[in-house]
Amino acid sequence: MVRPFVGASVTVKEVQSWSGPEPDGSRTGTMRLDVVGTPAGLTGTPRLAPLDQVRSDVEIDGDLVAKVPLLGSKIEKAAVPYVSTVSRAEERSAAAYRDRSGA
């Protein structure tokens, strides 16, 4: 259904900005994901909160939008699993970096 809009592959550009730490060590931010070359993207508010000395919890509250007449809502629903996959890949990368750095 979305192949005519994205082709064989998808390039996602992500930009995040973060606040300074709160007294409890948590941080909030803003994020934007753009699916390059399409009218689709996500805007959101991530929150990072420490769980203990080596673990953190990340929550993202956001809106995924595909501005395509008649098909936009179907594309949005179809994209949610892929956005989740990207988030999980970032989590694995962060864990691998942490493990390599000995943190």
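**Structural notes on the overall build of the protein**
Then step 1. Within the protein, the secondary structure is distributed over 2 helices and 4 strands.
Then step 2. The burial tally for the protein puts 16% of its 103 residues in the buried class.
Then step 3. In the protein, the proportion of contacts linking residues at least 24 apart, taken out of those at least 6 apart, comes to 29%.
Then step 4. By element, 56% of the accessible surface of the protein is carried by carbon and sulfur atoms, the whole surface being about 7,600 Å².

**Considering the sheet that holds strand β3 (residues 40-50)**
Then step 1. Here 4 strands make up an open sheet; going across it, the order is β1-β2-β3-β4 and the pairing antiparallel. Of all strands in the sheet, those with a lone pairing partner are β1 (12-18) and β4 (56-66), marking the two edges. For this sheet, the mean angle separating the axes of adjacent strands, direction not counted, is 20°.
Then step 2. Here β3 pairs with β4 via 11 bridges, running antiparallel. Within the sheet, the bridge partner assigned to proline 46 lies in β4 and is isoleucine 60.

**Quick look at the pairing of strand β2 (residues 27-35)**
Then step 1. Two strands pair when backbone bridges link them, and β1 and β2 are joined in this way by 7 bridges, in the antiparallel orientation. Of the residues in β2, the one forming a bridge with glutamine 16 is methionine 31.
Then step 2. Of the pairings in the sheet, the one linking β2 to β3 comprises 7 bridges and is antiparallel in character. In the strand pairing of β3, aspartate 34 is matched with glycine 41.
Then step 3. Between β2 and the antiparallel strand that follows it, β3, lie 4 residues; glycine 37 among them carries a positive phi value of about 80°.

**Overview of the pattern of salt bridges**
Then step 1. In this structure the tally under the stated criterion is 2 salt bridges.
Then step 2. Between arginine 32 and aspartate 34 there is a salt bridge, with its nearest N and O atoms 2.9 Å apart.
Then step 3. Accessibility expressed as a relative area gives 38% for arginine 32, which makes it partly exposed.
Then step 4. Here arginine 55 and aspartate 52 are joined by a salt bridge, their closest N and O atoms 2.8 Å apart.

About the criteria used
Residues numbered from 1 in each chain as written. Predicted model: local features only at pLDDT ≥ 70, side-chain atom pairs only at ≥ 80, totals over all residues. Heavy atoms only, no water. Helix = DSSP H or I, 4+ residues; strand = E, 2+ residues; numbered from the N terminus. Buried < 20%, exposed > 50% of the residue type's maximum accessible area, 1.4 Å probe, protein only. Contact = heavy atoms within 4.5 Å. Areas by Shrake-Rupley, 256 points an atom, 1.4 Å probe, with all protein chains shown as cover. Pairing = 2+ DSSP bridges. Axes fitted to C-alpha atoms, helices over the stretch in contact; angles between N-to-C directions. Salt bridge = Lys/Arg side-chain N within 4 Å of Asp/Glu carboxyl O.

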